[in-house]
Amino acid sequence: MAAAFQLVDHKVYLELRFTSLSSGNALGLEAAKELAQIAKAHKNYQRPVVVTSGNSRLFCSGGNRSDHKKLKSKTAGLGVARATARQLDAFARWPVVKLALIEGDVLGGGMEWLARFDFRWSTQHALFSFWQKRLGLSTGWSGGKNWANRIGELQVRQLLLEGKLLSAFEAHELGLVDRVVSPLKIRSELLLWCERHTPASTPHLVRWTPQNERTTFGKLWWGPEHRDSLKQWK
């Protein structure tokens, strides 16, 4: 299986370029494992780590539904979801400053991955959505609790209930994004930010897996709406 991430050392920061173009930059279990393996292999790295996308339209389209459609049972699906969450937690515990440089849309599970970063910068044209509801699901990778720790539980509930598309500016207002930057300036500003950054570890919240989130996801996985959404997936 081809690597999902291309590593580029820019000296002042390490770039992890997400290049799963054929899947619309969907984040499957194998890609999550790769993130955890990169974190383990570079555990002594001191400079910021920046995740970018090789897709100008999408940063991450969510979970890999092509993989999900192949699963034969509810149990298998829940196992994959739990394993993916564990790998993303391992990435989150990597003691470096992690920044998501968002130059395309972030949807569904991509929003759950986004909660594992310390900083999130976005270009003006990117869109954001917790669209799990459209697939007949809730958050399943502990994204609900992670975001609740950052922006408040009531706000997260509202976002999950509505499942609407948010502009980069709306996402910034809600605290989902830290900065909105012109696409013409985002790389130069990133370089300056990294050059100013002193190598240091960053404390992380590690309690990513609340029982109630797993329970809700378990009830919805393989439910009628979720199965209908998979039937329609090409």
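These notes cover the structure that comes with them. Treat the numbers as computed from the prediction; the structure is a model and nothing was measured.

1. Focus: the overall build of the protein chain
- When helices and strands are tallied, the protein chain shows 10 helices and 12 strands.
- Here the protein chain has a C-alpha radius of gyration of 17 Å; the compact-globule value for 234 residues is 17 Å, and the two agree.
- For the protein chain, the C-alpha atoms occupy an extent of roughly 50 × 35 × 35 Å along the three principal directions.
- Within the span of the protein chain, comprising 234 residues, buried residues form 52% of the whole.
- Sequence separation of 24 or more characterises 77% of the internal contacts of the protein chain that already satisfy a separation of 6 or more.
- When the accessible surface of the protein chain is totalled, it reaches about 11,400 Å², and 53% of it is carbon and sulfur.
- Each charge class in the protein chain can be summarised by its mean position, and for the 34 positive and 20 negative side chains these summaries are 6 Å apart.

2. A closer look at the sheet that holds strand 5 (residues 58-60)
- On the basis of which strands lie adjacent, the open sheet formed by 4 strands has the order 5-8-10-11 and mixed pairing. The outermost strands of the open sheet, each flanked by one partner alone, are strand 5 and strand 11 (166-167).
- Here strand 8 (residues 105-107) runs beside strand 10 (residues 127-129); their pairing, made up of 2 bridges, is parallel. In the sheet register, Val-106 faces strand 10, and the bridge partner there is Phe-128.

3. Observations regarding the pairing of strand 7 (residues 98-102)
- Of all 5 residues in strand 7, 5 are buried; the element is thus mostly enclosed.
- Side-chain alternation along strand 7 places Lys-98, Ala-100 and Ile-102 on one buried face and Leu-99 and Leu-101 on a second face that is also buried.
- Relative to strand 7, strand 4 (residues 49-53) is paired through 3 bridges, and the arrangement is parallel. For Val-50, the partnering residue across the bridge sits in strand 7 and is Leu-99.
- Bridge analysis of strand 7 against strand 9 (residues 119-123) gives 4 bridges, and the strand direction is parallel. Opposite Ala-100, over in strand 9, you have Arg-120 as the bridge partner.

4. Some points on helix 1 (residues 29-41)
- An ideal rise of 1.5 Å per residue puts 18 Å on 13 residues; helix 1 measures up with 18 Å between its terminal C-alpha atoms.
- For helix 1, the set of buried residues is Leu-29, Ala-31, Ala-32, Glu-34, Leu-35, Ala-36, Ile-38 and Ala-39.
- Where helix 1 is buried, its residues meet strand 1 (5-9), strand 2 (14-18), strand 3 (26-27), helix 3 (74-92) and helix 4 (109-114).

5. Brief notes about the pattern of salt bridges
- As enumerated under the stated definition, the model contains 10 salt bridges in all.
- Glu-162 is the salt-bridge partner of Lys-164, the closest N and O atoms lying 3.8 Å from each other.
- According to the relative accessible area criterion, Lys-164 is partly exposed, its value standing at 42%.
- Across the pair Glu-189 and Arg-179 runs a salt bridge whose closest N-O atoms are separated by 2.3 Å. Of this pair, Glu-189 sits in helix 8 (residues 186-196) while Arg-179 sits in strand 12 (residues 179-181), and the two are 10 residues apart along the sequence.
- Taking the relative accessible area as the measure of exposure, Arg-179 reaches 31% and is therefore partly exposed.
- Here the residues in one salt-bridge network are Glu-15, Arg-17, Glu-103 and Arg-187, joined through shared partners.

6. Describing the nonpolar core
- The biggest cluster of nonpolar side chains holds 49 residues, and the ones touching the most others in it are Phe-5, Trp-113, Leu-114 and Phe-128.
- In contact with Phe-128, other than residues within four places in its own chain, are Ile-102, Val-106, Met-111, Leu-114, Ser-122, Lys-164, Leu-165, Leu-166, Ser-167, Ala-168, Ala-171 and Val-177.
- Val-50, Val-97, Leu-101 and Val-181 belong to the second largest nonpolar core, which has 12 residues in total.

7. A word on the packing of helix 1 against helix 3
- Close contact between helix 1 and helix 3 brings their axes to 8 Å; oriented N to C, the two are set at 25 degrees. The angle between helix 1 and helix 3 falls in the class roughly parallel. Of the two elements, helix 1 crosses helix 3, and the hand of that crossing is left-handed. Touching Leu-29, Ala-32, Lys-33, Leu-35, Ala-36 and Ala-39 of helix 1 are Val-80, Ala-83, Thr-84, Gln-87, Leu-88, Ala-90 and Phe-91, all from helix 3.

8. Here's the deal with helix 8
- Residues of helix 8 that are buried include every one of Ile-186, Leu-190, Trp-193 and Cys-194, and no others. Burial along helix 8 is one-sided: seen end-on, the buried residues are contained in an arc of 95 degrees.
- Lining the buried residues of helix 8 we find strand 4, strand 7, strand 9 and strand 12.

About the criteria used
- Residues numbered from 1 in each chain as written.
- Predicted model: local features only at pLDDT ≥ 70, side-chain atom pairs only at ≥ 80, totals over all residues.
- Heavy atoms only, no water.
- Helix = DSSP H or I, 4+ residues; strand = E, 2+ residues; numbered from the N terminus.
- Rg over C-alpha atoms; globule rule 2.2 N^0.38 Å.
- Buried < 20%, exposed > 50% of the residue type's maximum accessible area, 1.4 Å probe, protein only.
- Contact = heavy atoms within 4.5 Å.
- Areas by Shrake-Rupley, 256 points an atom, 1.4 Å probe, with all protein chains shown as cover.
- Lys, Arg positive; Asp, Glu negative; His and termini not counted.
- Charge placed at Lys NZ, Arg CZ, Asp CG, Glu CD.
- Pairing = 2+ DSSP bridges.
- Expected span 1.5 Å × (residues − 1).
- Salt bridge = Lys/Arg side-chain N within 4 Å of Asp/Glu carboxyl O.
- Core = buried A, V, L, I, M, F, W, Y, C linked by side-chain atoms within 4.5 Å.
- Axes fitted to C-alpha atoms, helices over the stretch in contact; angles between N-to-C directions.
- Parallel < 35°, antiparallel > 145°, perpendicular 65-115°, else oblique.
- Left-handed = near helix turned anticlockwise from the far one by under 90°.
- Arc of directions from axis to C-beta.

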